[in-house]
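# Analysis of the macromolecular model
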Amino acid sequence: MLDTIDDHDWNTLEDAYGPAVEVPDRIRALATAAEGWEDALHDLYAGIYHQGGYFSATPVAVPYLIAIVDGPPVASKARLLHFLGDLTSAHAADAVVGFDPYAFRSQPGPPDYPEATATLAAIAEGASALLARLGDPAPEVRSEAAWLVSGLPECRDAAVADLEARVSGEPDEGARASQLLALGWMGEGANAALVEAGLADASARVRGAAAIVAARAGSAEPAVLEELEALVAGPPVDAGPWGWAGLAPLAIAALGRATTVAPEAVTEAIERAFRASVARIGRLPDHPMPPIRSELVEPEDAPAPPRWPTEEEQAEHEALRGVAGAVARLAFPAFVDRAELALPSELDARQRALLELASDANVPLPLRAIPWIEPAAMKRFLDPPADGALERTLALEDVTAPAWRLLHELHELPPEQGAHRVEAIAAALSGREALDLLADVMTGAYPHPRGWGACLAPPQWAPLAARVDADAEPLEPALRSMADALGGTCPATHAAFVLRPLARLAADRSEALPEALDPLVRQACFDADQAWVTSLLESLDRARRDAIVGRLDNGVFLQRYLPLCDPDAVARVVVEQILDRAWTRGAYEAAEMLHALGEAAVPHVEAAIDRATPRKRRFFEETLVELRGGSVEHVLALEGTGDGLRARLEDPEGRVVVSLALPAAPKLDDVRPLVDALASPADVPVRILPDDAVPHAIAYKLQRLLVELGVRRVSEGGSTLRRT
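I will try to describe carefully the structure that is included in this document. In this text, all values refer to a predicted model and were calculated from it rather than measured experimentally. (Residues numbered from 1 in each chain as written. Predicted model: local features only at pLDDT ≥ 70, side-chain atom pairs only at ≥ 80, totals over all residues. Heavy atoms only, no water.)

### As for the overall build of the chain
Quick reminder of the rule: Where helices and strands are cited, they refer to DSSP runs of H or I of at least four residues and of E of at least two residues respectively, numbered from the N terminus. Put simply, the radius of gyration uses C-alpha atoms, and a globule should come to 2.2 Å times the residue count raised to 0.38. Exposed residues in this analysis have more than 50% of their type's maximum accessible area, buried residues have under 20%, and partly exposed residues fall in between, with area computed by a 1.4 Å probe over protein chains only. Any two residues whose heavy atoms approach within 4.5 Å are treated as being in contact. Accessibility throughout is a Shrake-Rupley quantity obtained with a 1.4 Å probe, and a residue counts as covered only by protein chains that appear here.
What the chain contains, in helices and strands, is 33 helices and 10 strands. The globule rule puts the C-alpha radius of gyration for 724 residues at 27 Å, and the 30 Å found for the chain is close to it. For the chain, with 724 residues in total, the buried portion stands at 51%. Long-range contacts, defined here as pairs at least 24 residues apart, represent 65% of the contacts in the chain between residues at least 6 apart. If you sum the accessible surface of the chain, you get close to 32,500 Å²; carbon and sulfur atoms cover 52% of it.

Quick look at the structure:
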């Protein structure tokens, strides 16, 4: 069948990034299972099923994927079955997903649009070929096939009959567990003989699958609950295609169903499992980030990154987050969806103990009335200080209440009335009290009742900050102490708040701001008040300015403040930073800074080549080619207009080259006028600057389209595509 793959005009079909011209080669790589087939599958996922979305190329690709699955043995077969199962969307909500406010998770809409329905129809058409994989010689293929067909209503009756005949004699425990689960998902959980045999199986994986099926069918027998609790509390039990985090998330979901039958027994089992998991796993890492893999650092010279959890640890963490969510729903029912913030006095001893355990373990609980805050702030919530600034009762003209409640009420007031409220609070406080209040706000206590932010947003700090500034001299020791505590990694708004009064005091005394505050000044450079940051930098001598701006590690902000500096000195700092063996940024960030410096960077890059490691030498040599040609980078500003886009292409001097409207989902011909306006697209790099109303997927797609039309290099955010 692959012989016909080129009969389609893939230039007119689209994936997430534009014309789907690379899809045929990716499918061929999967059919031959040649070296690199896993990368081809990864790219296929990213292209035709990007974050759960379907595109015009998706249904066209499906018959070829089914043909590979139905053909001779290849290494990609099991993974392809899983891909097809994902495309059905049938298992999207099977397991409990662990609550993690710091993680990005795509939330695709229902598959009810033409590209999605065409994809589902193409999979249904191949149902008989997929059903045949239940008898495949490879156990991993049989396991994946059971998972896939359990979500295909077109072959339900045949699948049930086939699986019931196979499960008892299945020699592989993974396939046996998958077959049991598939029967349960197709409504055969009441098949008591199969479930009873599964619960007596020698394999913990099969016993767990049988318990999940039984609980889904409404059983809360002690033997079932015991198996489910063991799955949740113990080390991960492989779930095969049913979940990367093991059987625990499925067990948590099954326990949720069993609460209608035996609520007390299930609640106790979940709480025991939560405590046992915390005792076994310990504290979850703070904000987990993948290890840095800079293209500029030789492997032997790379700084040791923070240890990234292993796959097994990640599975355990996901299970712990999942059972924490179940605990939240069962132990804190009044606080799950309540808009009004909870008070410590409303908690009983059991709830306090669970919150303390969750906080100590760094496990967030999805409770709207007790928003997840950092462990230190959670401790403050549970045991607020008697003299806490946010707890202090303030008497204003129209209301008397604790400070935190007055701040929360700002979200219910019209903007002008809210601004008046903050001014009234500032007027009621001394400078020291205003400082203590803002310092308390910075801890994250009493967070915004509608989100994760502070209870008073930084744009509303001005009256309180002015009150602090009025008493800056007696408050100077406290401000210096705050500056030391903040260090050089705090939010820009916090740095700016502390630096403003200290900088004014230094100016009044005709003194220089202490150099020890330079790391804080560097953070403040990212503050939204560009005029104030400019004045702050101008108050420093040129050498300090150069060093601060050269260490911003951000090309956009470096370019913003470069007019205040000696470009030659800044370029020296930037290049030395890149040469430093502790450099952890990638080639993209380094190139952004050098391009922002333009010709000023050339002599320093030339001088650095001989001192550079091989990777950095190659990077410097490639960058020099562009730098020596002068700055030719154009900017494509994108504005979301509700029903489409407004695109404005500017040259390096900021002159508008062309401006036009684009549809919400632009295609090759829509974008062509942008490229036609360039005298020599092959020599011009373009930077895309989208506003907040432009989806990331559209910006990525425009990158792909511009490169397809001949633009040399197109950058957007942290992504760069180059013309080959």
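### With respect to helix H20 (residues 431–442)
Here is the rule we go by: Here a helix's expected span is defined as the number of its residues, less one, multiplied by 1.5 Å.
Its 12 residues give H20 an end-to-end C-alpha distance of 17 Å, which sits within 8% of 16 Å, the value for a rise of 1.5 Å per residue. By the burial criterion, the buried members of H20 are Gly431, Ala434, Leu435, Leu437, Leu438, Asp440, Val441 and Met442. Against helix H17 (375–382), helix H18 (403–408), helix H19 (415–427), helix H21 (462–470), helix H22 (472–486) and helix H23 (492–508) lie the buried residues of H20. Glycine 444 sits one or two positions beyond H20 and adopts a positive phi of about 90°.

### Thoughts on the sheet that holds strand S8 (residues 685–690)
Selection rule: For two strands to pair, DSSP has to find at least two bridges joining them. Fitted lines through C-alpha atoms serve as axes, helices being fitted only where they are in contact, and the angles separating the N-to-C directions of these axes extend from 0 to 180 degrees.
Spatial ordering of the open sheet is given by S7-S6-S5-S8-S9-S10, a layout of 6 strands whose pairing is mixed. On the outer flanks of this sheet lie strand S7 (656–663) and strand S10 (719–722), each paired with one strand and no other. Taken pair by pair, the neighbouring strands of this sheet meet at an average axis angle of 20°, ignoring direction. As paired strands, S8 and strand S9 (residues 713–716) are joined by 3 bridges and run parallel to one another. What sits directly across from valine 686, in S9, is valine 714. Helix-sheet contacts for helix H32 (residues 668–676) involve strand S5 (634–640), strand S6 (644–650) and S7, and the interaxial angle to S7 is about 175°.

### Quick word on the packing of aromatic side chains
Quick reminder of the rule: In this analysis, rings of Phe, Tyr and Trp, with Trp reduced to its six-membered ring, are considered paired at centre separations within 6.5 Å, and the interplanar angle assigns stacked below 30 degrees, edge-to-face beyond 60, and tilted for intermediate values. Charge-over-ring placement is defined geometrically: NZ (Lys) or CZ (Arg) within 6 Å of the ring centre, and within 35 degrees of the ring normal.
A full pass over the atoms with the stated rule returns 9 aromatic pairs. Ring centres 4.7 Å apart and planes at 65° place the aromatic pair phenylalanine 526 and phenylalanine 557 in the edge-to-face group. Here the residue phenylalanine 526 occupies a position in the loop between helix H24 (518–524) and helix H25 (530–538), and phenylalanine 557 occupies one in helix H27 (residues 555–561), the gap between them amounting to 31 residues. For phenylalanine 557, a relative accessible area of 16% corresponds to the buried category. Grouped by ring-pair contacts, the aromatic residues Tyr49, Tyr54 and Tyr113 constitute a single cluster. Its guanidinium or amino end placed over the ring of tryptophan 185, arginine 216 lies 3.7 Å from that ring's centre, counting from NZ or CZ. Sitting above the plane of the tryptophan 532 ring, arginine 500 keeps its charged end 4.4 Å from the centroid.

### Brief notes about the nonpolar core
Short version of the rule: Here the nonpolar core consists of buried residues drawn from Ala, Val, Leu, Ile, Met, Phe, Trp, Tyr and Cys, with membership extended through side-chain atoms lying within 4.5 Å.
Among the nonpolar cores identified, the biggest contains 120 residues, and Leu84, Ile212, Leu228, Phe332, Leu355 and Ile370 are the most heavily contacted of them. Per-element tally for this core: the top contributor is helix H3 (residues 57–69), with 9 residues. Excluding residues within four positions of it along the chain, phenylalanine 332 makes contact with Val327, Leu347, Gln351, Leu354, Leu355, Leu365, Leu367 and Ile370.

### Quick look at the pattern of salt bridges
Here the idea is simple: oppositely charged side chains can pair when their charged atoms come close. Here is the rule we go by: For this document, the term salt bridge refers to a Lys or Arg side-chain nitrogen within 4 Å of an Asp or Glu carboxyl oxygen.
For the coordinates displayed, the defined rule picks out 46 salt bridges. Notably, a salt bridge pairs glutamate 391 with arginine 380, separated by 2.7 Å at the nearest N-O pair. Here glutamate 391 is found in the loop between H17 and strand S3 (393–395), whereas its partner arginine 380 is found in helix H17, with 11 residues between them in sequence. There is no split in this pair, since glutamate 391 and arginine 380 are both buried. Ionic pairing is found between arginine 392 and glutamate 433, a salt bridge with its closest N-O pair at 2.5 Å. In this pair, arginine 392 sits in the loop between H17 and S3 while glutamate 433 sits in helix H20, placing the two residues 41 residues apart along the sequence. On the basis of relative accessibility, which here comes to 34%, the residue arginine 392 falls in the partly exposed class. Sharing partners across several salt bridges, the network here consists of Asp15, Glu22, Arg26 and Arg704.

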